[in-house]
Structures are given as C-alpha cells and as structure tokens.
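Architecture and fold: a report
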Amino acid sequence: MKLPGNPKVRIGICVFAFFALVALVGPYVVQNLMGLSPSDVHTADAMQGPSGAHPLGTTATGEDVLAQLVVGSRVSLLVGLVAGLVTTALSVLVGVAGGYLGGRADSVLTVLTNICLVIPGMPLLIIIASYVQGRGGWLTVALIIGLTAWPWGARQKRAQTLSLRHRDFVTAAEMTGESRWGVITRELIPSLAPIISVSFLGAVVGSMFADAGLSFIGLGNINITSWGSMLYWAQNGSALTRGAWWWFVPPGACIAVIGVAAGLINFGIDEISNPRLRKPPKKVRDRAEAAKLRRRTEERAEPATAPKAQEATS
Amino acid sequence: MPASAEPVLEAHGEPVLEARDVVKRFPLHGPGQHGKEVHAVEPTSLALHAGRITALVGESGSGKSTLARMLALAYPPTEGEIRLDGAPVKQARTARGKRAYYRQVQMVFQDPFSSLSPVHRLRYILSRPLQLHGHASGRAELERQILDLLNRVNLTPADQFIDKFPHELSGGQRQRVAIARALAARPKVLLGDEPVSMLDVSIRLDILNLLGTLRDDEGLAILYITHDIAGARYFADEIKVLYAGQLVESGPADAVVEQPRHPYTRLLLESAPDPDREGALLDAPEVVDDEETLGEPPSLVDPPAGCRFHPRCPLAKPVCATAFPPRTQFDDGQWVHCWSYDEENYR
Amino acid sequence: MTTRHQEPLLTVRGLHVDYFDRADPVHAVSGVDLTLLRGETLGIVGESGCGKSTLVTAVTRLERPPAVTTAGSVLFHGKDGAPPVDLLTLTDRQLGALRWEKIAVVFQSAMNALNPVLRLGAQFSDVLRRHRGLSKKEALTRAGELLGMVGIPADRLRSYAHELSGGMRQRATIALALACEPDLVVMDEPTTAVDVVMQRQILRQVSRLKRELGFSVIFITHDLSLLIEIADRIAVMYAGKVVETGPARQLYTDPKHPYTEALRGAFPPLHGPRREITGIPGSPPGLRVLPQGCAFHPRCAHRFEPCDRTTPPLLALGAGEAACHLHQTVRGEEDHHARVS
C-alpha cells in the first residue's frame, strides 16, 4: 500500500504505526531482551529518576516505568480498537439505515439516538463501570465505552446519508433493481467510507481517552497495567507533589501524541476530500509566483505596443 | 377537465408503457403552507410504442421530469395509473416487484457526473443489473456480457474501459456507461431525462444517434425529455409539448415544428436559437410574450384556472380562464388543446 | 459613427494563463490575441475546458489561484484618444476605479453574484453611492430606473435575491452591471441557467440596452447557434487557443476552421429536411495532455501531413482569422515565417 502524499496524513499514520508496533513487539523487547518487568516490586529502587538500568525511572514501589509504558500500550490500544469498532459499527448501522429508509424506521432510530445522546456520556460510563468494577478485564471496559459512544456518530452518518439519498446514483441503483439492503451496503456505505474511517479513528482515540479517564479515577481495572492505571497509581503515589515527573509524564505524553496524530490525519483527510482547503506544494506556489507577470515593481521597459486595430476589423 | 385516454394509433400497435390520466400533486410543508399543494402534473396521458421515440418538450417546472419519474415508479401518481403491456402496474412495494418492473423499464439520467457511483469501477456498475436480473451467471459469462454492453455503446476497446472508474471518463463516455447500465436489464422502454443537456455540444449528437440506433435495431420504446425543440425534431418521431403540467400539443415531430398549432409551441419555436433567422435580434419578429409576465411560467402552487397559458397568451379570450380546452384533432395525427380551434366557444 | 465603431476598446495580446496546482503547470490559455471594438458584441464560443472562462477572468483580473496570468497584455482604450492602460499591470486600487465604472461582469450564476442577505435595493445603492457619489435617496431612485430598464418593477428593490425567480435574478444582475454605465460588459454564460423563452427575452433586452447606451459586450457561451444570432464577431476557442475569428454571419455561412464547421454542424437545424447529422468524434482533449501539433487534429476530418507536427498560427483570412494548415500551405509560407520569427 502506498502512503498518501499529504504530509499531515503521512505523519499521523507513522505515529499510529509506531504505537501499533510498540504494542505488538514492545512487551517482548522490554521483558525478554532488556530484562525489565512492569510488575516486579523492588522497594530498594523506589522513585528513582531515569538511569541506565531504568531508562524512564521507577515508581514508588520500584516497578520499571518504561516496561509499564510499553506493556500498558497494548491494553490501551486494544481497548481503543475494540471500543472504536463497536462504536463505528453501531453508528453506521443506525445512522445509514435510518437516513436511507426514512419513515417510521427513521423516526424510531432517531428517537433512540437522541435519547442516548442526551444522557451525559462520562457519568453514564462511570455508573456502569463502577457497577461492573472488578468483573471482566479490558474487554468489559471496551464494550462499555463502545456501547455508550455511538449516538453522536450515528447522527453524523444519518445527516450524510440524507444528503446522498437523493443523488442520482442512489436512485439509479434502486432503478437497477437493487434491494434496500443492497443499496445500503453496496452504494451508501462505500460512498461514506472516508467519513466512516475518519470517525473510526476519532472513536479509537476517544475510547483510549475514556479508558485512561476511567482508570485514572480508579473505575477501570487498576490491576491491569495500562496508561490509565499508570496515571492512577502515579496520582495515588503523589508523584506530582514529590516531583517524580518521569512517572506521570510518559503515559500522559503518549495519550497526547496519539490525539495529535488523529487530529493530523483528520485535517489531512479534510484536505483530500475538500480541495478548497488544499494548497499546492510550496515548490509549485513558488513557481507560480515566479511566473506571474511582473506588476507594479517594474516599469514597463517599452511603451505598450500600439494595438493593430486593422487586424481584426473587417 | 377532459380526461380521455389517448386513442391508440393503429399504425404503432399496442403501447408498451402508458400513463393514463396521471396527476401529481406534492403537498407543501413548512410554516404558512399547510394544506397547499404543488400541482405538478394535471391529468395527462402518454403512450410509448416499441421502436418509436416520443419527445416530451417543456421548460423547467413544466412537469416533464415529474412525469418521467412517475413512469419510473420513483413516486406514485396522485391519480391515474401506469400500464405496462396493457396491465395496470400496482405500486410495487417489494424488492421483487420493483425488480420485475425495472427489467422492462429503465431510465437514463440527466447528469452523468452524479448518476454513476464514484467508488465503483465500470465492471461493477454493469455487473449489478446483469446479476440482479439473472441475465448472467458465472464470471466468464458476466465478463463477456459486460464487454458486449460496452461495445454496444461504442466504448471501445471495451477491455480497456472495463476496469476504469467513472472519474477517469469524459462526460460523453459516462453517459454511454449510463446507457449501457440501462441496457443491461434488457428493457423494452428507455426513459431519458434530458440525457444530453449536460454534455458538450460536439458529443450530444453521438449520444442521440446511439439512442436512435437502439430504437431501430432493438425496437426500444424511448421517451426523450428535453427543453431543446430542435433536438427533439431531429431525433424523435413524435413531439409532445408540456406547459405547466398540461399537455398542450402533440403530433409527428416535423408537423409540430413546421406547423405549430398552440401559441405556446409557437413561442418556444420563436425563442429557440436559429442561425437561419434573418436580421438582428432586435429586428426579429416580436416574441408574443409581453413585458409584464417577464416570460415566467405560472406558479404551480396557485396556478391560473383553465388553460394555464392564458395569462401569457396573445389569443386569450374569457373562455380560456374558465376551463381547460378540449382536444382538437387534425388529420395528420397532430392534436392541440386550445380554445381558438373551438369556433362555438371561442368568443 | 462608423469611424467610432472601428475604434478598439480592448486589445488582448499574447495572453497566457497557467494553472499551478500540480508539479507541471497546465496551459489553460496559451497565446490569445483578440480585439474588441467600441460598441461591438464579441462572442467567445467553445466547449467545456477550452479556456473561454479562464480567458475572461484573466482579462478582467478576476482570476484566482491556482490560475496565474504569465504573459501578455490587455490594453483598455479610454475615450477620446486617452492613452490605453494595460489592465494586467494595474494596482488593485487603480483596478477598483475601473470596475463598475468602465468594466462590469455578469456571471452565469446570478445567485452567486447577488448577496443573499442584502435586499436588492441595498446592493444597488451600495454600488451607486460608492462609484457615483449619489445620496441614499438618489441611489434608490436610480436603482428603480435601472430595474425598470430590464422590465422589473421598482418595488422589487425590497426583495432578497432568493425571492426572485431565476430569470428575474439574472435580469437584476444585468441591471446592476449597467449601474455606472460601463464601456464594457463581460457576460459569462449569462443565460445558461434560464429557459429558452427567458433567454430570448433577456438577450433582446441586452440588445436594446446596448443600442441605447452604446456599451460593448464580450459574450461567452457554448452555444454557437445562439451566438451567430446575437454577436457581431465571434472567436472560436479550442484547447486554450483561438482557432478562428470572424464576422458572425461568415462563421455560419463559410467557416474556415474544420472545428468551427463541425461545431456549427452539430446543432440540429429547425428547418429543412431531416437528415442524419453527426457530432465531432472523440471528446475535447484534457489540457494536461494536449495532442502534438494542432490540438484538434485527432478529431479532424480534414487532417493531413503537417497537422500532427506543427501548430498552425492564427493568420488573417478573408474578413477574419483562422489557425489551420488547410489555409496556410496554400497561402504563402513566407507569411508563416514572418510570424514565427
């Protein structure tokens, strides 16, 4: 697959690829090759700053921060992916079906969407999470996030579908004899693919934020190592007041970098799908500037050539 | 209002597709418009015959597209019925019922840039109708038929076009693909909703000539919707003129253009660009419209009573504002709805 | 009067416009020479992508990036022998003084030309007060007169653009263009969005106003049959170049360039016997990959040996000009060389 030419998208994709790689092979590298452990307690080494033995220092109980960061990335990314998939699938189903079918089906789905939309997301998440706390691992958290985050996306997709619904190519598919389900899966969803992929990305990042938030306030499973639980333990161990920046900055920074990467990809896709936002590359702009008729700055060397009126007159 | 079915002309046999006294009114929504309706099509009958092209000529807002879309089952007529092969078409609700109808009746849209999905290749676009209507099974057979369709609409070499996306094609080529897609269902009737008006002048004729070939070789019944009366004369066997939802004149294409009998048809012909017309624009014979109406067709929410053309008509008499005129039939197959041919009532 | 009629108003020489949106610039307009006489209607005709709209946006200095005018001059001649000014070298301030006063533009979409949140009257008086220094009351009176000239009742000044029909909006933009009695009105497909009957009425009005006010018109359209009726002279564009110019009648009765001839033949006639007519084979070329030599040669029925190698220059021919090898090999090579060198 070729990387898209847009530099913003390219940077964003590289960042995501980097984290995916870390989550995939990182734990093996730090645990087996570097001999670091995310959970071994060494009270003697507690609260050490970065050093050769512990590149990112240690926690209050002497666990290695780098190992925790790398192992935790796997959980954080998994939660994000699964929750993002659930959110996107639900929002596409509800939004596209409602927007295309119209009538009663649309009314029912819209009411459902709106009800779910007005229930504040984070408090709902907190209530459900505190109810299931301790039962199930990261998958439960992912499902909870996924099942509460879809309504916003569903509304967006419904709006987009409404604008596609009366386009000629949709009518043409109907007049080819395509069934409703066929129109949804074969025409509408492929046409919405850019929007769906952008919203999937947003859902992944949003879910990672939600996961970190839940863990941070202690409602996730804090016994699993994730970026959120790292922040929770750092807060618990008063890392901030004790000046142990190496404990809470890395997980926070990772979350922030992923957010920025998602933003970059979003901007980039906007530019691709809306050429008005796109500027030609600087090289081309410079060339255009150079090719411009020199105005104002330069007095015309010779007086304007007298028009040869006789040429065109009859 | 007279509401008689169109007399079947013996020479052309039974109509393939027919609209009988169809009426379309769209209810308006929004503040202050409750209960109001757009009277888009008044009782209108139209018959399409195998191997014949019928042109429906009118300006925007005349209801010509509404009529076509009723024939394509995009929405049901408010009154009246659509008949296919003599049998009334029930508004098919099931996918199977619609599919059976679309096997006989296909439509070509005005804008080839929006009627082809941007995400699919031609291979896919043409394979769907073939599969849905059970005309091809197996990959090799499907491929052969797709290539055959591309050849029939002169997209050659077909094997180079088959894997292209619509955005790689010019407007004329896209319209050929749209025609190929319509042909894939092997229909008897083709509804063309201004199929060439968005295309460049130099390629319009090729598309029209292609449709003409399909009529001659395959006996398709074609409805050609247009605002271009010169193109209709060139291409169609029969011209029907629609004004503000009312059919006002019909007849063989040459007769209608050379001997227009309705004042609106005359206005259309006088307004059409014509390089053969002698003299400058200002010295050209006065177009019948006066400055007051500004050349605008009437509002369809609150249309004029009687003949809807009467506020603009130079021949208007009191009777024109009271009732829609009956049909006056002429020997050459032309007919017209105009009170000026009714000596008893036209005073 | 005839001498005045021969006076040039606008002289375009060697105009080049390129689009800089990808690595290689696209030559949308390459080397166009045109002359518009005072009081004349010059029609510019061509198919989509031939550069006709790019040409007039460059001439009126309304081009937007990525379009860049790279070479040429557009001389606008003042009244009474005042020295001509090159529109391409004017500053924005100097240009602002010419707009509305001397040059006005009417676009295809009236909806884009009119401000949707201002009443018609406000838009008229805005222009009239800024350029004519009228008081608010005088401006509104004048605006009413202007609307009256195009057959719109003055009480419509209180309407918003969306409350008018398409035809009325287009008339209103024409009235607005005439507000400061310009010498030149550029019309870019002004009647493409309206129906034939309305089109005819608008064109009659423009024609009448032109006779009364004496402005010149550049009229752009894809409809050659319409242009033959309304224009004095016509320039035919193909792939960024002017391929033929000439008096409108002559282009109809005796077109020199095969493209003009084919384009004229592509309109079904209203009269005479019905016979099979054909369009032009193929489709207009993309500007990114122009054919070698004469850009029309792949579609041309008369192409011969030099057509795919050398680009024919636009040379005087009869009452007009044509850029076609058919007429050049016959008529003197030296003429050709004189132009090239």
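Residues numbered from 1 in each chain as written. Chains lettered and ligands numbered in written order. Predicted model: local features only at pLDDT ≥ 70, side-chain atom pairs only at ≥ 80, totals over all residues. Heavy atoms only, no water.

For chain B, the name recorded in an unreviewed UniProt entry is ABC transporter ATP-binding protein, with Streptomyces antnestii as its organism.

Going by what an unreviewed UniProt entry lists, chain A is known as ABC transporter permease and is assigned to Streptomyces antnestii. Recorded in UniProt for chain A, the comment headed Sequence similarities (unreviewed entry) runs: "Belongs to the binding-protein-dependent transport system permease family." Looking at the Subcellular location (unreviewed entry) heading of the UniProt record, one finds this comment for chain A: "Cell membrane". (UniProt positions renumbered as here; feature names shortened; annotations may be inferred.)

Let us now look at the packing of aromatic side chains. Under the criterion given, the structure shown has 13 aromatic pairs over all chains. Considering the side-chain rings of Tyr232(A) and Trp233(A), the 5.1 Å spacing of their centres and the 70° angle between planes classify their relative orientation as edge-to-face. The exposure class of Trp233(A) is partly exposed, given its relative accessible area of 37%. Ring centres of Tyr243(B) and Phe309(B) lie 5.1 Å apart, and the angle between their planes is 85°; on these two criteria the pair is classed as edge-to-face. Of this pair, Tyr243(B) sits in strand 9 (residues 238–243) while Phe309(B) is found in the loop between helix 10 (263–271) and strand 11 (327–329), placing the two residues 66 residues apart along the sequence. Per residue, the accessibility class of Tyr243(B) equals that of Phe309(B), and both read buried. (Phe/Tyr/Trp six-rings, centres within 6.5 Å; stacked < 30°, edge-to-face > 60°. Buried < 20%, exposed > 50% of the residue type's maximum accessible area, 1.4 Å probe, protein only. Helix = DSSP H or I, 4+ residues; strand = E, 2+ residues; numbered from the N terminus.)

Our focus in this paragraph is the interface of chain B and chain C. Tallying the contact residues gives 47 residues for chain B and 51 residues for chain C. Taken together, both faces of the contact between chain B and chain C bury some 4,300 Å²; the carbon and sulfur share is 52%. Connecting chain B to chain C are zero salt bridges. One can count 13 residue pairs in polar contact (both at pLDDT 80 or more) joining chain B with chain C. Contributions of two or more residues to the side of chain B that touches chain C are made by helix 7 (201–218), helix 8 (229–235), helix 9 (253–258) and helix 10 of chain B. Among the elements that make up the side of chain B that touches chain C, the one with the highest residue count is helix 7 of chain B (seven residues). A breakdown of the residues in the side of chain B that touches chain C according to their chemical character gives 22 nonpolar, seven polar and 18 charged. (Contact = heavy atoms within 4.5 Å. Buried area = accessible area lost by both parts, 1.4 Å probe. Salt bridge = Lys/Arg side-chain N within 4 Å of Asp/Glu carboxyl O. Polar contact = N/O pair within 3.5 Å; in protein donor to acceptor, adjacent residues only side chain to side chain. Nonpolar A, V, L, I, M, F, W, Y, C, P; charged D, E, K, R; others polar.)

This part covers the packing of helix 7 (residues 166–177) of chain C against helix 8 (residues 196–213) of chain C. All names here are of chain C. Remark: helix 7 packs on helix 8, axes separated minimally by 10 Å, with the N-to-C direction vectors making an angle of 15°. Taken together, the axis directions place helix 7 and helix 8 in an arrangement best described as roughly parallel. Classified by chirality, the crossing of helix 8 by helix 7 is right-handed. When helix 7 is examined against helix 8, the residues Gly167, Gln170, Arg171 and Ile174 are found in contact with a partner set consisting of Met198, Gln201, Ile202, Gln205 and Val206. Its residues assigned to classes, the contact of helix 7 with helix 8 comprises four nonpolar, four polar and one charged. (Axes fitted to C-alpha atoms, helices over the stretch in contact; angles between N-to-C directions. Parallel < 35°, antiparallel > 145°, perpendicular 65-115°, else oblique. Left-handed = near helix turned anticlockwise from the far one by under 90°.)

Residues and elements named next belong to chain B. Ordered in space as 2-1-4-5, the four strands form an open sheet in which the pairing is antiparallel. Unpaired on one side and paired on the other, strand 2 (37–48) and strand 5 (87–88) mark the two borders of the sheet. As defined by bridge partners, strand 1 (residues 17–27) adjoins strand 2 across eight bridges and the pair is classed as antiparallel. The residue bridging Glu18 from the neighbouring strand is Ala47, located in strand 2. Against the sheet, helix 1 (residues 64–71) contacts strand 1, strand 2 and strand 4 (79–84), and its axis sits at roughly 115° relative to strand 1. (Pairing = 2+ DSSP bridges.)

Both faces of the sheet carry side chains from a regular strand, because those side chains alternate between them. Residue and element names in this part refer to chain C. Of all seven residues in strand 10 (residues 241–247), five are buried; the element is thus mostly enclosed. With antiparallel pairing between neighbouring strands as the criterion, strand 9 (residues 233–238) and strand 10 make up a hairpin whose turn holds two residues, including Ala239 at a positive phi of roughly 50°. With two bridges connecting them, strand 10 and strand 12 (residues 320–322) associate as antiparallel partners. Bridge pairing in strand 12 places Glu244 opposite Ala322.

Considering all chains together, one arrives at 37 salt bridges over all chains under this definition. A salt bridge links Arg144(B) to Glu141(B), with the nearest nitrogen and oxygen atoms 3.3 Å apart. Residue Arg144(B) and its partner Glu141(B) are both found in helix 4 (residues 139–152); the two are separated by three residues, about one turn of the helix. When its relative accessible area of 49% is taken as the criterion, Arg144(B) is described as partly exposed. A residue is classified by how much of its surface remains accessible, and Glu141(B), at 29% relative accessible area, is partly exposed. Through salt bridges with shared partners, a single ionic network connects Asp168(A), Arg69(B) and Asp193(B).

Residues and elements named next belong to chain C. Within the fold, Val45 resides in strand 3 (residues 41–45). Each C-alpha atom, one on Val45 and one on Gly167, is 22 Å from the other, the two residues being 122 residues apart in sequence. Those residues in contact with Val45 that sit more than four places away from it in its chain are Lys52, Thr221, His222, Asp223, Leu224, Leu227, Ile234, Ala235, Val236 and Met237.

Scanning the entire structure with this criterion turns up zero disulfides over all chains. With no disulfide of its own, Cys14(A) lies 17 Å from the sulfur of Cys254(A), the closest cysteine sulfur. With no disulfide partner, Cys307(C) has as its closest neighbouring cysteine sulfur the one in Cys294(C), 6.1 Å distant. (Disulfide = S-S within 2.5 Å.)

Considering soluble globular proteins, one finds that nonpolar side chains tend to be buried as a cluster. Counting 128 residues, the largest nonpolar core has Leu150(B), Ile179(B), Ile239(B), Phe124(C) and Ile234(C) as its most contacted members. Here the element with the most residues in this core is helix 7 of chain B; it accounts for eight residues. Inspection of this core shows a minimum of three residues originating in each of domain 1 (4–102 + 184–190 + 203–286) and domain 2 (110–181) of chain C. Setting aside its immediate chain neighbours within four residues, Ile239(B) contacts Ala55(B), Val57(B), Ala232(B), Arg233(B), Glu249(B), Ser250(B), Gly251(B), Ala253(B), Val256(B) and Val257(B). (Core = buried A, V, L, I, M, F, W, Y, C linked by side-chain atoms within 4.5 Å. Domains from an automatic or database assignment.)

With that out of the way, let us pick up the UniProt feature "transmembrane region" (unreviewed entry) in chain A. Residues and elements named next belong to chain A. UniProt tags residues 12–30, 75–101, 108–131, 137–154, 195–224 and 244–269 as "transmembrane region" (unreviewed entry). Helix makes up 89% of residues 137–154 and strand 0%, with an end-to-end C-alpha separation of 27 Å. Along residues 195–224 the backbone is 73% helical and 0% strand, and the end-to-end C-alpha distance reaches 34 Å.

For the rest of this paragraph, the subject is the side chain of Ser215(A). Among the structural elements, Ser215(A) can be located in helix 8 (residues 180–216). Leave out the neighbours within four places in its chain, and Ser215(A) touches Gly220(A), Ile222(A), Ser226(A), Gly228(A), Ser229(A) and Tyr232(A).

Relative to the helices and strands, Arg13(C) resides in strand 1 (residues 8–19). Within the structure, the side chain of Arg13(C) is placed 3.5 Å from the side chain of Thr35(C), a separation counted as a polar contact.

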